[in-house]
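# Structural features, examined
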Amino acid sequence: MKIDRIVAAPLRPGCALDRATSPRTSGGAGTDAGNTLARYREFSGAGSFHDTAWPPALCLAFAEGGAWGMGLTDAADPVVPLINDFLAPLAVGENAMATERIWDLMFRHASRYGVGGLASYAISAVDLALWDLKGKLLGRPVYELMGGPARDRICCYATGWEVDWLLECGFGAIKLACPLAEARGVAALDAVEALVAGTRDAVGDGRELMLDCWPVGDVEFMVRLAERLRPYRLKWLEDFLYPEDMAGFEDMRRRAPWQTLATGERWFTHLPFGEAAARRTIDIFQPDIRWVGGATACLKIGHIAEGAGLQVAIHGGVNDSYGQHACHAMPSNTWGELFVDSGPGVPLEEGWRPTPGMAVPKDGWLVPSDAPGFGVELGLDELEDMTA
Ligand SMILES: [Mg+2]
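Residues numbered from 1 in each chain as written. Predicted model: local features only at pLDDT ≥ 70, side-chain atom pairs only at ≥ 80, totals over all residues. Heavy atoms only, no water.

### Re the domain arrangement of the protein
- Domains assigned within the protein are domain 1 (3–139) and domain 2 (145–366).
- Counting from both sides, the interface comprises 49 residues of domain 1 and, opposite them, 41 residues of domain 2.
- Together, the buried faces of domain 1 and domain 2 total about 3900 Å²; carbon and sulfur atoms form 59% of this surface.
- The residue Arg-290 makes a salt bridge to Asp-74 at a minimum N-O spacing of 3.1 Å. (Domains from an automatic or database assignment. Contact = heavy atoms within 4.5 Å. Buried area = accessible area lost by both parts, 1.4 Å probe. Salt bridge = Lys/Arg side-chain N within 4 Å of Asp/Glu carboxyl O.)

### Notes on unusual backbone geometry
- Omega for the peptide link from Gly-148 to Pro-149 comes to 5 degrees, which places this bond in the cis form.
- Among the structural elements, Pro-149 can be located in the loop between helix H4 (142–145) and strand E4 (154–159).
- Of note in this structure, Ala-75 is not a glycine but carries a positive phi near 60 degrees.
- Among the secondary structure elements, Ala-75 is positioned in the loop between strand E3 (68–73) and helix H1 (76–91).
- With a phi close to 55 degrees, Arg-233 is a non-glycine residue in the positive phi region.
- Following the sequence through the fold, Arg-233 ends up in the loop between helix H7 (219–229) and strand E7 (237–238). (Helix = DSSP H or I, 4+ residues; strand = E, 2+ residues; numbered from the N terminus.)

### With respect to the packing of aromatic side chains
- On inspection of all chains with the given rule, the structure shows 13 aromatic pairs.
- Relative to Phe-374, the ring of Tyr-322 lies with its centre 4.7 Å away and its plane at 75 degrees, an arrangement referred to as edge-to-face. Of this pair, Tyr-322 sits in helix H11 (residues 321–329) while Phe-374 sits in the loop between strand E12 (365–366) and helix H13 (380–386), and the two are 52 residues apart along the sequence.
- One cation-aromatic arrangement involves Arg-153 over Trp-365; the distance from NZ or CZ to the ring centre is 3.7 Å. (Phe/Tyr/Trp six-rings, centres within 6.5 Å; stacked < 30°, edge-to-face > 60°. Lys NZ or Arg CZ within 6 Å of the ring centre and 35° of its normal.)

### As for the coordination of the magnesium ion
- Taken together, Asp-212 (OD), Glu-238 (OE), Asp-239 (OD) and Glu-265 (OE) make up the protein donors of the magnesium ion, found 2.0 to 2.2 Å from the metal.
- For Asp-212, a relative accessible area of 10% corresponds to the buried category.
- Judged by its relative accessible area of 3%, Asp-239 is buried. (Donors = N, O, S within 2.8 Å, 3.2 Å for Na, K, Ca; no water. Buried < 20%, exposed > 50% of the residue type's maximum accessible area, 1.4 Å probe, protein only.)

This is how it looks when you write it as structure tokens:
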């Protein structure tokens, strides 16, 4: 069956698929969580620069006969023309089941401008729409088509600020966002150590604790931070360097050899993961399925990890249906992350605007929907109403 057409459009801000309008706490306010500019004092403590002015992008892939699949990514304004004008003409007329071939065509085509960043966002949306379409055509959940289920359920951890509430929700592992970065020097080291020490007391010795340092740092600061935090037994230290600084990752490994290291949400395609596996610089790969190149790229990364004896923990893995299916399918994926930015007492099913049909963790565990495709329960009319 051939692909008939692929169309992308921006999502209307505030619609049910726009996760930027989920209920939020003020947990990240006044910190460097998500602040890429945190090395400069004039930006340090100014909060997150993670959110952009652009809404998410919806991508629909139609097969001959009218069957369709749905993909999502972020940064619609630059990404939508990349899909409609650059990738869609390449994929139309191809065999709709040939997800590996179509991914490789897009990957090679994008080399003209560079396959990373926004081009990878566009490839992700098309790839996810094609996997959803394939699942609907075959009447099976995507995790089965990807080779799963690998386990009977996904072990989840929570990332957020309201630790007591996250423990009450039943999570057995908690990840913190690093609140201050290197521009604050020793004051940042003191503040992060106080946060991690207090959280270790709260979670006890029977639960895992991780730290995400999303603000881009340098090796000197991160080695000192890792040394300060060693007594608190972090499961992993995450996103601690500028994403493209591959020599820096090697240096960090050499200077903090005891520390388990994780990264990958701002790596694109399978190639940087292959390089990191070859150099043994990272222990746990964290691709984001909506950014890295979709389900096809995640499968490649999972196989790279297995070939090197490493693990995968998909970024925000259980925050959407796409990540849930990939987490459930891949033996190398050991954790499902739920980012929780809703306040204490807000049920998880209300906290992240779950897509209709999407499962929500219960007592720290999750089983994805077994409906065909990614199990998203939205019709074409509803989706068209959500586009701008
Ligand atoms: Mg991260």
